[in-house]
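# Examining the three-dimensional arrangement
Chain by chain, the residues:
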Amino acid sequence: MAVARKIKTLLTVNILVFVGIILFSVYCRLQDRSEGLVQIVRSADRRVRSRHAKVGALAEREAILQRLDHLEEVVYNQLNGLAKPIGLVEGPGGLGQGGMAATLRDGSQETEGRFEEYGYNAQLSDRISLDRTIPDYRPKKCRQMTYSDDLPQISVVFIFVNEALSVILRSVHSVVNHTPSQLLKEVILVDDNSDNVELKLNLDQYVSKRYPGLVKIVRNSRREGLIRARLQGWKVATAPVVGFFDAHVEFSTGWAEPALTRIREDRRRIVLPAIDNIKYDTFEVQQYASAAHGYNWGLWCMYIVPPQDWLDRGDEAAPIRTPAMIGCSFVVDREYFGDIGLLDPGMEVYGGENIELGMRVWQCGGSMEVLPCSRVAHIERTKKPYNNDIDYYAKRNALRAAEVWMDGFKSHVYMAWNIPMTGSAHPSACPASLPASQNPGVDFGDVSERLALRQRLKCRSFKWYLDNVYPEMRTYNDTLTYGEVRNSKASGYCLDQGAEDDDRAILYPCHGMSSQLVRYSAEGLLQLGPLGSTAFLPDSKCLVDDGRGRTPALKKCEDVARPAQRLWDFTQGGPIVSRDTGRCLEVEMSKDANFGLRLVVQRCSGQKWTIRNWIKPGRH
Ligand SMILES: [Mn+2]
């Protein structure tokens, strides 16, 4: 209590000082030089500044009077505390200050429950001030940079569904506290139909009193998913630039100016503030290394090493070219975003839209970059909303991106997800012999509008994009067939890469997941395991008959002593024959093997193999 009283007293003293300053400024008819005033007088400040351009002395006096009016309200708010009645904390100091790790003394049952609900320690969040500071992790050089004072304004959009109120409000406080008031036009909160009642009335009342006129709330009357929620935010945004963020972020000092500068220089740039991490359990803020945002062939995003030319340049503050984005933080010219087709509204929930935007902006004449001088800390939640079905949506969304933007390379997405290329949209492209029951029929919906968009924007090929923007990606264009491989003697069992470190293929009950993905190439390689995707990940290994024992080996394809040892003849429904030894890959019954089945190379006895999917009608 004593501490609370001290803080209250301090605040009161502060406020009295501000009142003094402002009265003094009225008296002297000074120019509006309120740069140093803290954020509590911010919204009044904003009103003044928006008129700053061509005001006469009269208008200015009026603005100052207006500010005084508002100040009264601010003082009231501070003394009474808007956060306190809803169980939250405002103001400087306290737990987690400076981005330090925090803990609760009373780790109660409730903590557990809310952890489950949100994927972070919401109870701890409630006790951390909405105004806490976080470390400045910008490269040193960024702190010396100066920016033009006529940068465009930004609307900041936060999207959420069932998020802790304190976490949402900290995102809001943080962006207001760390964005120059004349640059922050508005904050838009898009609620994707949350169930939680505290996100309705409490949130409404709080922001309307705390940030009158600054914060807009948009509520979806049904759950649209985070992709369409962002589009709702974009629709109501009015500033020339829009920033889209998850509602579990905190902004670093000076995050806005470099981003707005880069966009003003070239409106076709999509700028990604660099991401640091807020730990989900302690809310400690940790610096992440400089990274670009890439993805694998399943179109799932991941951090990747920055491009070589960026590393060679040795300038930590320089923008990092990136093929795509993680998606929790991006800033874009509002009109340009509309011109290039926003996010694909035909995608569901989330996943894939972030990759699709990367492909699209590059292929259609724009660019995407991570900006190390602009930083946002983000909670990586242990649990995300819509978790149960996210694999299905990610798959479906990936196929939409593949069908529209990836030309011949779309086969890679089908391979990565082990989906036959016989989807509803392409009945003509496939051999007719695949039983319908084997086709999971992922319906990716109608992409005709997106294809028309690509035409209209006269966009480049995916090949161009890979060569110029994502050269780290491995390609598998000579693949003939893919999917799990079954032997006629052991139904229900599939070829499997087995343990990753023992270099031995096995037979295992079929599940069609990554360890059972097999690709057979035009050259004759038989590769097992997930697609290697980028050069940063290990590639799948080659099945090898080295002619010595009866056990086939799994080796890195480039490590095979004699190339012929890794080549096989394989026809659908026929044997798998080593081109080097003429032996066949077969299954042997064996009591001491797992499942009583052993994979061997031996004299051909007529066993037959089938593989699930094929791309090109070849010799099989
Ligand atoms: Mn997030």
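Calculation rules
Residues numbered from 1 in each chain as written. Predicted model: local features only at pLDDT ≥ 70, side-chain atom pairs only at ≥ 80, totals over all residues. Helix = DSSP H or I, 4+ residues; strand = E, 2+ residues; numbered from the N terminus. Buried ≥ 20, exposed ≤ 12 C-beta atoms within 10 Å, placed from the backbone. Contact = placed C-beta atoms within 7 Å. Pairing = 2+ DSSP bridges. Axes fitted to C-alpha atoms, helices over the stretch in contact; angles between N-to-C directions. Parallel < 35°, antiparallel > 145°, perpendicular 65-115°, else oblique. Left-handed = near helix turned anticlockwise from the far one by under 90°. Core = buried A, V, L, I, M, F, W, Y, C linked by C-beta atoms within 7 Å. pLDDT = per-residue confidence, 0-100. Nonpolar A, V, L, I, M, F, W, Y, C, P; charged D, E, K, R; others polar.

Moving on, we come to the overall build of the protein. Counting its secondary structure elements, the protein contains 17 helices and 24 strands. Among the 620 residues that make up the protein, the fraction classed as buried is 44%. Within the protein, residue pairs in contact and separated by at least 24 positions form 73% of the contacts whose partners lie at least 6 positions apart.

Counted residue by residue, helix α10 (residues 256–265) has seven buried out of 10 residues, so it is predominantly covered. For α10, every residue scored as buried is listed here: Ala256, Glu257, Pro258, Ala259, Leu260, Arg262 and Ile263. Taken together, the buried residues of α10 touch α6 (140–144), β1 (154–160), β4 (241–246), β6 (269–278), β11 (329–333) and β12 (367–379).

A regular strand carries its side chains on alternate faces of the sheet. A large share of β4 lies buried, amounting to six of its six residues. Covered by surrounding structure in β4 are Val241, Gly243 and Phe245 together with Val242, Phe244 and Asp246, the residues of both alternating faces. Judged from the six bridges that link them, β1 and β4 form a sheet pairing that is parallel. Within the sheet, the bridge partner assigned to Val157 lies in β4 and is Phe244. Pairing between β4 and β11: five bridges, direction antiparallel. Note on β11: the bridge partner recorded for Val241 is Asp333.

We now examine the packing of helix α7 (residues 165–178) against helix α8 (residues 201–210). Where α7 meets α8, the closest approach of the two axes is 11 Å, and the angle between their N-to-C directions is 25 degrees. As far as their axial angle goes, α8 and α7 are roughly parallel. The interaxial crossing formed by α7 with α8 has right-handed handedness. For the pair α7 and α8, contact is made by Leu165, Ile168, Leu169 and Val172 and by Asn202, Leu203, Tyr206 and Val207, respectively.

Among the eight residues in helix α15 (residues 410–417), seven count as buried, and that is most of the element. Of all the residues in α15, the buried ones are Ser411, His412, Val413, Tyr414, Met415, Ala416 and Trp417. Its buried side turned inward, α15 meets α14 (390–405), β13 (479–487) and β16 (518–521). Taken from the residues just after α15, Asn418 is the one with a positive phi, measuring 55 degrees.

Position of Arg519 relative to the elements: it lies in strand β16. Along the chain, Arg519 and Asp478 lie 41 residues apart, while their C-alpha atoms are 9.8 Å from each other.

We now examine the nonpolar core. Counting residues in hydrophobic clusters, the biggest one holds 152 residues, and the most contacted among them are Val157, Phe158 and Val413. Setting aside chain neighbours within four positions, we find Val413 in contact with Trp297, Gly298, Leu299, Ala398, Leu399, Ala402 and Met406.

Attention now moves to unusual backbone geometry. A positive phi angle, close to 60 degrees, is found at Leu299, a residue other than glycine. Looking at where Leu299 falls in the secondary structure, it is placed in the loop between β8 (292–295) and β9 (301–304).

On average, residues of the protein score 87 in pLDDT, and 84% of them reach the 70 mark or higher. Within the model, the stretch residues 28–45 combines pLDDT values under 50 with 29 contacts to residues more than four positions away or in other chains. Segment residues 423–439: pLDDT under 50, and 20 contacts once partners within four positions in sequence are set aside and those in other chains are kept.

Turning next to the environment of Ala292. For Ala292, the location among the structural elements is in strand β8. The spatial distance from the C-alpha of Ala292 to the C-alpha of Tyr303 is 5.9 Å, given a sequence separation of 11 residues. Non-local contacts of Ala292, meaning those with residues more than four positions away in its chain, are made with Ile304, Pro306, Pro307, Ile320, Arg321, Thr322, Pro323 and Val370.

Between helix α13 (residues 353–363) and α14, the shortest axis-to-axis distance is 9 Å and the interhelical angle comes to 15 degrees. Comparing their axes, α14 and α13 come out roughly parallel. Two packed elements cross with a definite hand, and for α13 against α14 that hand is left-handed. Counted together, Glu353, Ile355, Glu356, Met359, Arg360 and Gln363 of α13 and Asn397, Ala401 and Trp405 of α14 form the full contact between these two elements. Its residues assigned to classes, the contact of α13 with α14 comprises four nonpolar, two polar and three charged.

Now for the environment of Ile576. By the secondary structure assignment, Ile576 is in strand β21 (residues 576–578). Residue Ile576 is classed as buried on the basis of its 26 C-beta neighbours within 10 Å. Sequence spacing of Ile576 and Leu526 is 50 residues, and the spatial spacing of their C-alpha atoms is 9.6 Å. In contact with Ile576, other than residues within four places in its own chain, are Trp568, Phe570, Cys584, Leu585 and Trp609.

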